[in-house]
Amino acid sequence: MDFRFNDVQESMAKVVRNFANKVLLPQYGYWDQKEEFPYEQWAKMAELDLLGLRVSERYGGQEADCVTAGLIAEEIARGDFNCAYGVLMTCLVGDIIERFATEKIKNNWLSKMAKGEKIICIALTEPQAGCDAAALNARAVKKEDSYVLNGEKSAISLLRASDAAVVFAKTDPAAGARGISAFLVPLDLPGITLQSYPDMGSKAIVRGSLFLDDIVIPEENLIGQEGGGFIQVMQAFDYSRVIIALMCLGAAQITIEETVEYVKQRSVFGKPLAKFEGISFPLVEWLTRLEAARWLCYRALWLRDQELPHTKEAAMCKWLCPELAVAAIHECLLIHGHYGYTREFPIEQRMRDVIGLQIGDGTAQVQKIIISREVFGREFLPY
Ligand SMILES: Cc1cc2nc3c(=O)[nH]c(=O)nc-3n(C[C@H](O)[C@H](O)[C@H](O)COP(=O)(O)OP(=O)(O)OC[C@H]3O[C@@H](n4cnc5c(N)ncnc54)[C@H](O)[C@@H]3O)c2cc1C
């Protein structure tokens, strides 16, 4: 056993922490209050080569291992939780496109995504199909050398800033999950309409719905085999769930560090708050829980790097870490008294932002269904 990150991982994490502290953190609230996409920050992340971490070098990426990408996501989330979606999405989409898409799509889209020139989102959810993603209704019908797509996709992160979406639609409605295929759909095609959501958090990166009305795309935009889409996204989720968990832990960790400094300065009843064990004990308890959760995440990423099974571990990370992070941030907000409730401090925004990823990419209940399936066996699933 060796709990050290290697020298490259350590030095990258150091550079990114410095960037997150100096460049991202001071502006975190600005984008939220303006409800503007942080293009500037995205460009700076691209300059640091953070938007193609898992993409191979031949497509302009870094070919970083999963543990390294996890470290970067955690560090970026300390500065700006929403900018960490840049690392998350490029890892998730990059993984799907690189493994399954045609060479033409990789050349046209992957390398531009890795350079920060294109943003690609994931469109799986539909109004009637969230947890039960296989119940989606969008249709893709083959017509000669094209596919015609129709349907409504919902809840898509980064939609308004994206140039294309990986869209999941049924090519064979009678085949259930095995009839779902994935397509690269540019978002400037005729017949596409977008609708934004007024969310409680992550306001800078705007989620929304995508309406597809007789969209025609060439057959080379099919990603992988017909009917292979569901498996592709589920395998990629085993990775993105751990990245999300680390994003949430990064946001919680910096909030606790800020709170430790705050309670050393703030005096109540003639003494710094830090002297009261009713204040210091909850903070050190949260630090203990976050530290334990962090190692669960890095072990899951290490398992993925070794190509060992990690579906159960990824699901454990995804339900536990966002829940711990929200509770830790909530406690820090209360410890700040009324100041914590204002926009003077980033705490209320972090809480709003992190809650989103208790739901996005699979709720706690869905993760527990996955873990139960791994523990009890598929024959004990209720469906
Ligand atoms: C911030 C955010 C970002 C997102 N980003 C994307 C994105 O980029 N792309 C995309 O396609 N989607 C995205 N989503 C959608 C997200 O993946 C879905 O919202 C999620 O999978 C849950 O689906 P649902 O909202 O339809 O809830 P439902 O499926 O309607 O479930 C409602 C509630 O019931 C619970 N539940 C469901 N089944 C069971 C069960 N068997 N037992 C117990 N409880 C159960 C759920 O856990 C949930 O609490 C995002 C959502 C959010 C909030």
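Residues numbered from 1 in each chain as written. Predicted model: local features only at pLDDT ≥ 70, side-chain atom pairs only at ≥ 80, totals over all residues. Heavy atoms only, no water.

The name that an unreviewed UniProt entry assigns to the protein chain is Cyclohexanecarboxyl-CoA dehydrogenase, with the source organism given as Desulfotruncus arcticus DSM 17038. Recorded under Cofactor (unreviewed entry), the UniProt text for the protein chain is reproduced unchanged: "FAD". (UniProt positions renumbered as here; feature names shortened; annotations may be inferred.)

1. Some words on the overall build of the protein chain
Assigned secondary structure in the protein chain consists of 11 helices and 10 strands. For 383 residues, the compact-globule formula gives about 21 Å, and the C-alpha radius of gyration of the protein chain, at 21 Å, lands near that figure. Along the three orthogonal principal directions, the C-alpha set of the protein chain runs to about 80 × 45 × 40 Å. The buried share among the 383 residues of the protein chain stands at 53%. Put simply, the protein chain shows about 17,300 Å² of open surface, and 53% of that area lies on carbon and sulfur atoms. (Helix = DSSP H or I, 4+ residues; strand = E, 2+ residues; numbered from the N terminus. Rg over C-alpha atoms; globule rule 2.2 N^0.38 Å. Buried < 20%, exposed > 50% of the residue type's maximum accessible area, 1.4 Å probe, protein only. Areas by Shrake-Rupley, 256 points an atom, 1.4 Å probe, with all protein chains shown as cover.)

2. So, the UniProt feature "domain: Acyl-CoA oxidase/dehydrogenase middle" (unreviewed entry) in the protein chain
Mapped onto this structure's residue numbering, the UniProt feature "domain: Acyl-CoA oxidase/dehydrogenase middle" (unreviewed entry) falls at residues 121-214. Between the end C-alpha atoms of residues 121-214 the distance is 20 Å, and the span holds 0% helix and 48% strand.

3. A closer look at the nonpolar core
Core analysis: the largest hydrophobic core is formed by 103 residues, its most contacted members being Ile 76, Phe 81 and Met 247. Counting residues per element, this core draws most heavily on helix 7 (residues 229-265), at 18 residues. Beyond its immediate chain neighbours, meaning those up to four positions away, Met 247 contacts Ala 73, Ala 77, Phe 81, Ala 84, Tyr 85, Leu 88 and Leu 357. Residues Cys 121, Ile 156, Leu 159 and Ile 217 belong to the second largest nonpolar core, which totals 20 residues. (Core = buried A, V, L, I, M, F, W, Y, C linked by side-chain atoms within 4.5 Å. Contact = heavy atoms within 4.5 Å.)

4. Some words on the site of the ligand
Around the ligand there are 20 residues in total, and Ile 122, Thr 125, Ser 157, Thr 363 and Tyr 383 lie nearest to it. One of the backbone nitrogen or oxygen atoms of Ala 155 is found 3.1 Å away from a nitrogen atom of the ligand. Separating an oxygen atom of the ligand from a side-chain N or O atom of Gln 365 is a distance of 2.9 Å. Considered on its own, the ligand offers 980 Å² of accessible surface; in the complex 64% of this is hidden by protein. Split by residue class, the shell around the ligand holds 11 nonpolar, seven polar and two charged. Both domain 2 (121-227) and domain 3 (230-380) contribute no fewer than three residues apiece to the shell around the ligand. (Near = heavy atom within 4 Å. Polar contact = N/O pair within 3.5 Å; in protein donor to acceptor, adjacent residues only side chain to side chain. Nonpolar A, V, L, I, M, F, W, Y, C, P; charged D, E, K, R; others polar. Domains from an automatic or database assignment.)

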